[in-house]
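Now for the letters of each chain:
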There are 2 protein chains.
Amino acid sequence: MNIGIVGLGLIGGSLGLDLRSRGYKVLGVSRREQTCTQAITRGVVDHASVNPAILATADIVFICTPLAAILQTVEQLIPHLSLETVLTDVGSVKLPIVEAIAPVWDNFVGGHPMAGTADSGIEAAVPNLFSLKPYVLTPIATTPTHAVKAVEEIVRHLGATLYHCRPYDHDRAVSLISHLPVMVSASLITTCMSDEPDVVKLAQQLASSGFRDTSRVGGGNPELGVMMAQYNKEELLRSLQHYHHNLEALINLIKQEDWTSLKQQLELNQLARPQFLQDASAMPKAP
Amino acid sequence: MNIGIVGLGLIGGSLGLDLRSRGYKVLGVSRREQTCTQAITRGVVDHASVNPAILATADIVFICTPLAAILQTVEQLIPHLSLETVLTDVGSVKLPIVEAIAPVWDNFVGGHPMAGTADSGIEAAVPNLFSLKPYVLTPIATTPTHAVKAVEEIVRHLGATLYHCRPYDHDRAVSLISHLPVMVSASLITTCMSDEPDVVKLAQQLASSGFRDTSRVGGGNPELGVMMAQYNKEELLRSLQHYHHNLEALINLIKQEDWTSLKQQLELNQLARPQFLQDASAMPKAP
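Computed from a predicted structure; not experimentally measured.

1. A short note on the overall build of chain A
Phase 1 of the analysis: A tally of helices and strands in chain A yields 11 helices and nine strands.
Phase 2 of the analysis: For chain A, the spread of C-alpha atoms along the principal axes amounts to about 65 × 40 × 30 Å.
Phase 3 of the analysis: Scored against the burial criterion, the 287 residues of chain A give a buried share of 58%.
Phase 4 of the analysis: Considering only contacts within chain A whose residues lie at least 6 apart along the sequence, 68% involve residues at least 24 apart.
Phase 5 of the analysis: Within the structure as shown, chain A displays about 11600 Å² of accessible surface, and the carbon and sulfur contribution to it stands at 52%.

If you want it as structure tokens, here you go:
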């Protein structure tokens, strides 16, 4: 089976490494000649080209470009694909992507692997990036069953844990556990860097693992943060409004010195957090 | 030299391990017999007792109890100490501690090692916990120089990086990089756990490293969180108000779809974060 990968960065590159090691033939497409050369050298793909015509024989094509480039990429691919080719993407927002692509390509299955590292680019590609990580597929009523099954088979071969949900439900859930943390963490950095210079200087010297972990996603790729906000604006704003409300309630508990209620809330949080951190390998799988 | 340690948990226990390995004689005090026995078995102390009279020969005593117990502990110790004994504490808030102890014990030096792990109790004690971590001393005008020098010598033997500042400045800086992250992170968990049940369930399945890191300190020890708020209330509220303001500004950028300004802010954050994460070993040391 021939697998196409368009966009050879961290996700596309890691996908290529895994799929080749499972015996698939991998055809890569990148905008840049240099990336194509690197992809071949690193063993990420069998063949690579800046010309999407290379995908004429692909059975499944993974679109692994940044969110903002997905629609344009699909439009450029369509003239070169066989009508049977199954398309899937790895974008972190699903409703606008599915709504735009489903009408122009029948065999499209929205997808989102919940995997990544702090790095980006083909240099950052690693084997087994998806192993035991959640991988969400968001088929809709009109998605052909055979297309869903084809992508499912690949996801299982990656060792990922498969979930299905509606594009809208996906976007609500990731607004909470993926996009909201970025904005919450970003505001923390903004606050720490914009205090009085003497306080900031001492804070820089004393910052330790608490700051390091809480600020990690807020200090990440700015383009990725903007794209989350652009493409998942309504759900992110909804999550941010809830967060804003909860933060105000917590501030009021401290102002009122209501230590009993503050402790109760922190105890509830301590109990709730592990529910979000169960190993994907131990979770019930999608049917 | 004899070193006393009162409170044999993660910090007190780790301190004992390091100091014994550097050739000091370590005398431990705990409220519980069982902890004294464990401390001796684990090699954390040379001698241990529930009776503070064991500290009569101590040259320096580290108070390693929770914040709320420090003052009472000092009052109970005083009748048993030689007047030359230097007292120091490891509490994460300094102004109220220094203001209360300095008037009753001349040779007191406030201290705060910026080190810890997710665990607590003497079972969690580990060697080299303080190595290359910041360790702040907060002497005031009336603190005898010889007392400061005595604590400094120990801190250097721990391999920690020594800083000096006023108690008030310490509390402002840690409100930003230690106490604010706890509250910011706690509100994230509260928001994720209190959405609609279907969304929460899917969010639990899909949560990955972004949620894991951003929620870590907010899902930690509730008593520690409450104590930060109690003892550093004014500075924490000041930091929370700045955070609240910055979060509202970020929400407004998203509402107004001002992606240019959002990107600029995220770029500033990305540049600012590493300034807070410089390896303590590479920082200029206190004179």
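2. So, the interface of chain B and chain A
Phase 1 of the analysis: At the junction of the two partners, chain B supplies 90 residues and chain A supplies 90 residues.
Phase 2 of the analysis: Contact between chain B and chain A buries roughly 8800 Å² in total, counting both sides, with carbon and sulfur atoms accounting for 68%.
Phase 3 of the analysis: When the shortest N-O distance is used, the salt bridge between Arg 172 of chain A and Glu 196 of chain B registers 3.3 Å.
Phase 4 of the analysis: At the boundary of chain B with chain A, the tally comes to 29 residue pairs in polar contact (both at pLDDT 80 or more).
Phase 5 of the analysis: Examining the composition of the side of chain B that touches chain A, we find that 20 residues originate from one element, helix H6 (residues 167–193) of chain B, more than from any other.

3. So, the side chain of Asp 171 of chain A
Residue and element names in this part refer to chain A.
Phase 1 of the analysis: With respect to the element layout, Asp 171 can be found in helix H6 (residues 167–193).
Phase 2 of the analysis: As a buried residue without a salt bridge, Asp 171 has its nearest oppositely charged side chain in Lys 94, at a separation of 6.7 Å.
Phase 3 of the analysis: In this view, Asp 171 contacts Val 93, Lys 94, Leu 95, Pro 96, Asn 232 and Glu 235; residues no more than four positions away in its chain are not counted.

4. As for the sheet that holds strand S5 (residues 86–89) of chain A
Phase 1 of the analysis: The strand order across the open sheet built from six strands is S3-S2-S1-S4-S5-S6 (chain A), with neighbouring strands paired in parallel fashion. Every interior strand has two partners, whereas the edge strands, strand S3 (47–49) and strand S6 (108–109) of chain A, have only one.

5. A word on the environment of Leu 132 of chain B
All names here are of chain B.
Phase 1 of the analysis: With respect to the helices and strands, the residue Leu 132 is situated in the loop between strand S7 (111–113) and strand S8 (134–137).
Phase 2 of the analysis: Its relative accessible area of 42% is what places Leu 132 among the partly exposed residues.
Phase 3 of the analysis: Each C-alpha atom of the pair Leu 132 and Asn 51 lies 34 Å from the other, and the pair is 81 residues apart in sequence.

6. A closer look at the domain arrangement of chain A
Residues and elements named next belong to chain A.
Phase 1 of the analysis: Along its sequence, chain A is carved into domain 1 (2–165) and domain 2 (170–276).
Phase 2 of the analysis: Taken together, the contact between domain 1 and domain 2 spans 13 residues of the former and eight residues of the latter.
Phase 3 of the analysis: Buried surface at the junction of domain 1 and domain 2, summed over both partners, amounts to about 940 Å²; 71% is from carbon and sulfur atoms.
Phase 4 of the analysis: The tally of links between domain 1 and domain 2 comes to zero salt bridges.
Phase 5 of the analysis: In this structure, the connection of domain 1 to domain 2 is made through three residue pairs in polar contact (both at pLDDT 80 or more).
Phase 6 of the analysis: Residue composition of the side of domain 1 that touches domain 2, grouped by class: nine nonpolar, three polar and one charged.

7. Quick look at the pairing of strand S2 (residues 25–29) of chain A
Residue and element names in this part refer to chain A.
Phase 1 of the analysis: Counting buried positions over the five residues of S2 gives four, a clear majority of the element.
Phase 2 of the analysis: Crossover connection from strand S1 (residues 2–6) via helix H1 (residues 10–21) to parallel S2: handedness right-handed.
Phase 3 of the analysis: For S2 and S3, the ladder comprises three bridges, and the chain directions are parallel. Paired with Val 29 across the strands is Ser 49, a residue of S3.
Phase 4 of the analysis: Where the polypeptide runs from S2 across helix H2 (residues 33–41) and back to S3, its parallel neighbour, the crossover connection is right-handed.

8. A few points about the relation of the copies chain B and chain A
Phase 1 of the analysis: When chain B is fitted onto chain A, the two copies agree to an RMSD of 0.0 Å after a turn of 180° and an axial shift of 0.0 Å. On the angle and the small slide along the axis, the relation comes out as a two-fold axis. No C-alpha of chain B lies nearer the rotation axis than that of Thr 214 of chain B, which sits 2.2 Å from it.
Phase 2 of the analysis: Interface overlap between copies is the fraction of interface residues in one copy that are interface residues in the other; for chain B against chain A it reaches 100%, indicating a shared surface.

9. Focus on helix H2 (residues 33–41) of chain B
The α-helix winds at 3.6 residues per turn, so residues separated by three or four positions along the chain end up facing the same way.
Residue and element names in this part refer to chain B.
Phase 1 of the analysis: Among the residues making up H2, those that are buried are Thr 35, Cys 36 and Ala 39. For H2, the arc enclosing every buried residue in end-on projection is 105°, short of the 170-degree limit, so these residues lie on one face. Pointing more than 90 degrees away from the buried face of H2 are the exposed residues Glu 33, Gln 34 and Thr 41.
Phase 2 of the analysis: A positive backbone phi angle near 75° is found at Gly 43, which sits one or two residues after H2.

10. Concerning the pattern of salt bridges
Phase 1 of the analysis: One pass over the full model with this rule turns up 28 salt bridges over all chains.
Phase 2 of the analysis: Ionic pairing is found between Lys 263 of chain B and Glu 223 of chain A, a salt bridge with its closest N-O pair at 3.9 Å. Within this pair, whereas Lys 263 of chain B is found in helix H11 (residues 259–272), its partner Glu 223 of chain A is found in helix H9 (residues 222–231), the two belonging to separate chains.
Phase 3 of the analysis: Residues Arg 238 of chain A and Asp 195 of chain B are paired through a salt bridge, measuring 2.7 Å at the closest nitrogen-oxygen approach. Here Arg 238 of chain A, found in helix H10 (residues 233–255), pairs with Asp 195 of chain B, found in the loop between H6 and helix H7 (197–206), and the two come from separate chains.

Thresholds applied
Residues numbered from 1 in each chain as written. Chains lettered and ligands numbered in written order. Predicted model: local features only at pLDDT ≥ 70, side-chain atom pairs only at ≥ 80, totals over all residues. Heavy atoms only, no water. Helix = DSSP H or I, 4+ residues; strand = E, 2+ residues; numbered from the N terminus. Buried < 20%, exposed > 50% of the residue type's maximum accessible area, 1.4 Å probe, protein only. Contact = heavy atoms within 4.5 Å. Areas by Shrake-Rupley, 256 points an atom, 1.4 Å probe, with all protein chains shown as cover. Buried area = accessible area lost by both parts, 1.4 Å probe. Salt bridge = Lys/Arg side-chain N within 4 Å of Asp/Glu carboxyl O. Polar contact = N/O pair within 3.5 Å; in protein donor to acceptor, adjacent residues only side chain to side chain. Lys, Arg positive; Asp, Glu negative; His and termini not counted. Pairing = 2+ DSSP bridges. Domains from an automatic or database assignment. Nonpolar A, V, L, I, M, F, W, Y, C, P; charged D, E, K, R; others polar. Right-handed = clockwise from strand over helix to strand, strands pointing away. Least-squares fit on C-alpha atoms with pLDDT ≥ 70 in both. Arc of directions from axis to C-beta.

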